[in-house]
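Remarks on the overall topology
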Amino acid sequence: MNLPPLTLKKNISTRLDGRVHVDSKWSAAGVTQQFLENAETYHARYTDNDHWKYLVGQAIDLAGVNRQAALRILDIGSGSGNTVFAATDLLPNAVVYANDISPQLLQILVGIQEHLPHLEGRIEAYCFDLHKDFFADDTFDLVIGGSILHHMFDPEAALKNAARWLRSGGKILLFEPLEIGGHIMAAIYLSLLAELEFDADPRLIAHFKAIGHDYEARFGVPRVKPWTSGLDDKWLFHPNYLREMASNIGLTFEQIAPISPDLAHIFSGSVRSTLNCAGLGDVPTPDKMWEVLAMFDAGISADLKKRLTSEGIIILAKP
Ligand SMILES: C[S@@+](CC[C@H](N)C(=O)[O-])C[C@H]1O[C@@H](n2cnc3c(N)ncnc32)[C@H](O)[C@@H]1O
């Protein structure tokens with residue numbers, strides 16, 4: 001069973017590809033193969049239902065969302081559904097409209113849904129570019145976006161669209177990488193290189209260098225660099241940029257909270273998680289690496305770590 005089709009803006013039309021509504025003028029602007037041809041690999045590497053259920057649960061409670069309400073939710077940049085399946089679990093009376101620019105990831109999402117009979121009639125997928133004003137204004141009660149805004153060429157334009165489609169009184173829950181914490185992580189990777197470059201497994205060293213470069217490439221939103229358009233992960237967000245963007249759009253900036261439940265091991269946990277995501281979880285790691293990370297974890301107070309978190313839950317509201 002499908003959800004009732006939504007009203008779209010006058011100049012927009014869609015065609016059905018299986019169960020996914022695809023923008024008739026769709027093009028894969030601003031994304032690389034990892035989300036398109038290589039969607040299955042991306043899905044296998046980054047699907048983590050428990051992690052996302054925890055994060056979405058945190059965000060809906062911070063935002064004061066009533067878990068029993070019959071909400072119409074828009075999930076932006078759903079990919080293969082991490083936040084979508086978290087939302088349908090945590091908000092049992094909600095329906096979720098999943099958006100992504102990748103038809104392949106949305107096909108994986110609806111494929112999973114088809115094997116979960118309790119989710120019949122609760123998820124509908126729309127493939128389009130979030131930079132496009134697509135849905136009628138005031139369509140949704142809540143917007144959720146897991147790691148999506150930092151993929152946009154123009155985060156403000158994309159967020160402005162999501163805000164238009166949200167009804168007054170609704171909230172926007174985002175999970176995004178943060179710039180101040182990015183500087184600390186870059187310093188940590190440089191420190192690991194200083195300690196280990198000539199002793200550790202070359203795969204670890206190449207990984208530390210790559211992550212360091214990745215951070216450097218993304219500092220300074222909205223300053224577009226010559227390489228920005230070629231990156232999937234384009235930005236890290238400074239709190240002032242987020243505040244100013246919210247205010248430009250007419251949204252209220254409510255708060256940023258750290259994503260990690262474990263502030264005690266926030267830096268070692270972050271490095272461990274990037275190793276796992278890069279498929280390097282089994283590469284032998286020297287004790288010295290964990291000693292360096294433990295120094296950062298022990299040397300920075302819990303209060304300061306909240307400000308230095310490299311990823312945050314961001315809560316915005318539409319007055
Ligand atoms: C890091 S993934 C996050 C996926 C999912 N939210 C999750 O947490 O697993 C970013 C997603 O943004 C999508 N994306 C990138 N640019 C987009 C755009 N302009 N409009 C809509 N989706 C986009 C990608 O295809 C990808 O699925």
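Just so it is clear, the model here is predicted, and its values are computed rather than measured. (Residues numbered from 1 in each chain as written. Predicted model: local features only at pLDDT ≥ 70, side-chain atom pairs only at ≥ 80, totals over all residues. Heavy atoms only, no water.)

Attention now goes to the overall build of the protein chain. When its secondary structure is counted, the protein chain shows 11 helices and nine strands. The C-alpha atoms of the protein chain give a radius of gyration of 20 Å, which matches the 20 Å a tight globule of 319 residues would have. With the C-alpha coordinates aligned to their principal axes, the bounding extent of the protein chain is approximately 60 × 40 × 40 Å. Each of the 319 residues in the protein chain was classed as buried or not, and the buried ones make up 52%. In the protein chain, the share of contacts with a sequence separation of at least 24, taken over all contacts with a separation of at least 6, comes to 78%. For the protein chain, the centre of its 28 positive side-chain charges and the centre of its 39 negative side-chain charges are spaced 6 Å apart. (Helix = DSSP H or I, 4+ residues; strand = E, 2+ residues; numbered from the N terminus. Rg over C-alpha atoms; globule rule 2.2 N^0.38 Å. Buried < 20%, exposed > 50% of the residue type's maximum accessible area, 1.4 Å probe, protein only. Contact = heavy atoms within 4.5 Å. Lys, Arg positive; Asp, Glu negative; His and termini not counted. Charge placed at Lys NZ, Arg CZ, Asp CG, Glu CD.)

Let us look at the domain arrangement of the protein chain. Domain annotation of the protein chain identifies domain 1 (14-177) and domain 2 (180-230 + 262-307). Once you take the C-alpha centre of each, domain 1 and domain 2 turn out to be 28 Å apart. Across the boundary between the two partners, domain 1 contributes seven residues, which contact five residues of domain 2. Taking both partners together, domain 1 and domain 2 bury about 450 Å²; carbon and sulfur atoms supply 63% of that area. Among the residues domain 1 hides against domain 2, the three largest losses belong to R45, Y46 and F153. Together they make up 62% of the total. (Domains from an automatic or database assignment. Buried area = accessible area lost by both parts, 1.4 Å probe.)

Once that is clear, we can look at the site of the ligand. Around the ligand there are 22 residues in total, and G77, N82, D100, D129 and G146 lie nearest to it. At a separation of 2.7 Å, a nitrogen atom of the ligand approaches a polar backbone atom of G77. Interatomic distance of 2.8 Å between a backbone N/O atom of G146 and a nitrogen atom of the ligand. For the ligand, whose free accessible area comes to 600 Å², the fraction covered by protein is 96%. (Near = heavy atom within 4 Å. Polar contact = N/O pair within 3.5 Å; in protein donor to acceptor, adjacent residues only side chain to side chain. Areas by Shrake-Rupley, 256 points an atom, 1.4 Å probe, with all protein chains shown as cover.)

What follows concerns the packing of aromatic side chains. Evaluated as defined, the whole model comprises 17 aromatic pairs. On the basis of an interplanar angle of 5° and a centroid distance of 5.7 Å, the ring pair of F237 and Y241 is categorised as stacked. Y241 matches F237 in its accessibility class, with the two residues each being buried. (Phe/Tyr/Trp six-rings, centres within 6.5 Å; stacked < 30°, edge-to-face > 60°.)

Moving on, we come to the sheet that holds strand β7 (residues 166-177). Reading across the sheet, the nine strands line up as β1-β2-β5-β4-β3-β6-β7-β9-β8 and stay open at both edges, with mixed pairing between neighbours. The open sheet terminates on both sides in strands that have one partner only, identified here as β1 (14-17) and β8 (252-258). The mean inter-strand angle of the sheet, taken between neighbouring strand axes irrespective of direction, is 20°. Pairing between strand β3 (residues 72-76) and strand β6 (residues 140-146): four bridges, direction parallel. Bridging from a neighbouring strand, I76 pairs with G145 of β6. With respect to the sheet, helix α3 (residues 82-90) is in contact with β3, β4 (95-100), β5 (123-127) and β6, its orientation differing from that of β4 by roughly 175°. (Pairing = 2+ DSSP bridges. Axes fitted to C-alpha atoms, helices over the stretch in contact; angles between N-to-C directions.)

It is worth spelling out the side chain of S78 at this point. When you line up the elements, S78 lands in the loop between β3 and α3. Of the polar contacts made by the side chain of S78, one reaches the side chain of D75; its length is 2.8 Å. Leave out the neighbours within four places in its chain, and S78 touches V84, A98, N99, D100, L106 and L109.

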